[in-house]
Amino acid sequence: MKIKIEVKHNFRIVGGVKWHWVECGDGDPVVLLHGIPESWKSWKHQIPTLAMQFRVIAIDLKGYGQSDKKDGDYSMSNVATELIALLDSIGVDNFRLAGHDWGVAISDNIIDQIPNRVERYVRCCLSLHNYDVRNSLHHQWYSLNPDKASKLMNKSGAYVGVWFESSCKPELLPCESELQELIDEFSYEGVGDAVPRYFRDIPKSKKVDLKKFTMPILYIHGESDPRQPIEYCKGMEEYLPGLEAILVLDSGHFISREQPTQTTNAMVWFFNSMLGSGLSLFDISRRYDLPTKPSTPPEINFGVNSVKV
C-alpha cells in the first residue's frame, strides 16, 4: 500500500545558522539525518510509514539543500552542537535518531553530547572501530584539497551521478527521475562550496566516547557497499554497549533508496522494539555470523514463562 503524505517545510535561524527541515506526523519525535550527497529527501521512502506513529523531523544538514551554507566550523562535533540548539528551539527533548553516512558521524557526536536524550538509534553505513582510508580515498583527498573538491561538487549533475553509480549495487541504482531529484537538491546555490568544509574540518572534531552509547542501537549495512567492506561490521558489539543487532541488506551504500521497504520495516520495527532475531530480514547477517540480538542478556528476565504464580 502506497501511503500519501504531505510534509511541512520549516525554516528557522538558531545561533546565526539558518536551518531547513520537513516535518510530518505526530507522536514521539524521530530525527533523521542524511549523508553526502543528499538532503532530507534521503528518507523520502521511510517518512510516510514513520509518520503514522511519530513526529518525523528530517533535516537538511548545514551546507546542504535549503539550510545555511556560509563558511564556519563544519566539524562533526560543532554541527552536532548547532543541531542540538535547533532541536531545543523547536521543543524536541527526548527523541529517536537515525543517521546515514555523514549523518551518522554527526549523530554520533549528538549522542556524545546528550546521550540521555536519544532513546533509540539507527546507525547506517558508516565505519566505527574499523576504518581504512584506502577504502575511502575521497576522505583524505577532499580534506587536503577542499577547493578542488568544490570544483567537482559544483558540477552537481556529474558529481551526484559519480557518487551513486560508484556506490550502489548496479541493479539497484535509483531511476532517472529519482537521480534528477538528487541532482536538484545538490544544485542549490552554495552546496558545492559548503560540503567540502566537512572534510576540511575533520581534524577539528572531538573524539566521541562510545561508552555513552547505551541506548538500543541498530546498525544497518549494505552488503555490496564498495567503500564499507563487511569486515567493518565485525566486533562492533564490543564497542557499542547498546547494540541490539547488525542488519546487513542486499544493497550498496544507499540503503534507504536501494532497499526502501526493508529499510523502512527495520526502522519501524526497531523503533517499536519489535525487531526479532528470527526475522528473514536477518538472513544475510546470520550468514556472516553477525549479532541479531543483544550480546549481553538482560539483568531482569521478563519472559512470561518465568513468571512465578
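Residues numbered from 1 in each chain as written. Predicted model: local features only at pLDDT ≥ 70, side-chain atom pairs only at ≥ 80, totals over all residues. Heavy atoms only, no water.

Caption draft 1: How the structure looks around the layout of surface pockets. Considered as a void within the structure, the largest pocket measures approximately 730 Å³ in volume. Residue lining of the largest pocket: 22 residues in total, with M76, A105, L126, S127 and L128 positioned closest to the centre. For the lining of the largest pocket, the secondary structure elements donating two or more residues are α3 (102-113) and α4 (137-144). Looking at the lining of the largest pocket, the element that brings in the most residues is α3, giving four residues. Counted by class, the lining of the largest pocket contains ten nonpolar, eight polar and four charged residues. (1 Å grid on protein atoms, 1.4 Å probe; cavity = no way out; pocket = protein on both sides within 12 Å on 5 of 7 lines; lining within 4 Å. Points joined across faces, edges and corners; volume = space filled by probe spheres on them. Helix = DSSP H or I, 4+ residues; strand = E, 2+ residues; numbered from the N terminus. Nonpolar A, V, L, I, M, F, W, Y, C, P; charged D, E, K, R; others polar.)

Caption draft 2: Spatial organisation of the pairing of strand β1 (residues 8-14). Bridge analysis of β1 against strand β2 (residues 17-24) gives seven bridges, and the strand direction is antiparallel. Paired with N10 across the bridge in β2 is W21. A loop of two residues connects β1 with β2, the two strands running antiparallel in sequence, and G15 in this loop sits at a positive phi of about 60°. (Pairing = 2+ DSSP bridges.)

Caption draft 3: Expanded view of unusual backbone geometry. Following I36, the chain continues into P37 via a peptide bond in cis, with omega recorded as 0°. Structurally, P37 can be placed in the loop between β3 (29-33) and α1 (47-50). Even without being a glycine, D101 presents a positive backbone phi close to 60°. With respect to the secondary-structure elements, D101 resides in the loop between β5 (95-100) and α3.

Caption draft 4: Inspection of helix α5 (residues 146-153) at higher detail. Taken residue by residue, α5 has P146, A149, S150 and M153 as its buried positions. Down the axis of α5, the buried set is contained in an arc of 105°. They therefore lie on one face. Exposed residues lying more than 90 degrees from the buried face of α5 are D147 and K151. (Buried < 20%, exposed > 50% of the residue type's maximum accessible area, 1.4 Å probe, protein only. Arc of directions from axis to C-beta.)

Caption draft 5: The arrangement of the nonpolar core in detail. By size, the foremost hydrophobic cluster in this structure holds 65 residues, and its most contacted members are I59, L83, I106 and I110. With seven residues, the top contributor of residues to this core is helix α2 (residues 76-89). Not counting chain neighbours up to four residues away, the residues in contact with I110 comprise L33, A80, L83, I84, F95, P115 and V118. In this structure, W43, L50, L218 and L281 belong to the second largest nonpolar core, which totals 30 residues. (Core = buried A, V, L, I, M, F, W, Y, C linked by side-chain atoms within 4.5 Å. Contact = heavy atoms within 4.5 Å.)

Caption draft 6: Highlighting the packing of α4 against α5. Interhelical geometry of α4 versus α5 gives an angle of 110° and a closest axis separation of 5 Å. It follows that α4 is roughly perpendicular to α5 by the angle criterion. Residues W141, Y142, S143 and L144 of α4 lie in contact with α5, whose contacting residues are P146, K148, A149, L152 and M153. (Axes fitted to C-alpha atoms, helices over the stretch in contact; angles between N-to-C directions. Parallel < 35°, antiparallel > 145°, perpendicular 65-115°, else oblique.)

Caption draft 7: Quick look at the environment of Q66. Turning to its location among the elements, Q66 is positioned in the loop between β4 (55-59) and α2. Between the alpha carbons of Q66 and W21 there is a distance of 8.4 Å; along the sequence they are 45 residues apart. Beyond its immediate stretch of four places on either side in the chain, Q66 contacts H9, F11, K18, H20, D60 and Y188.

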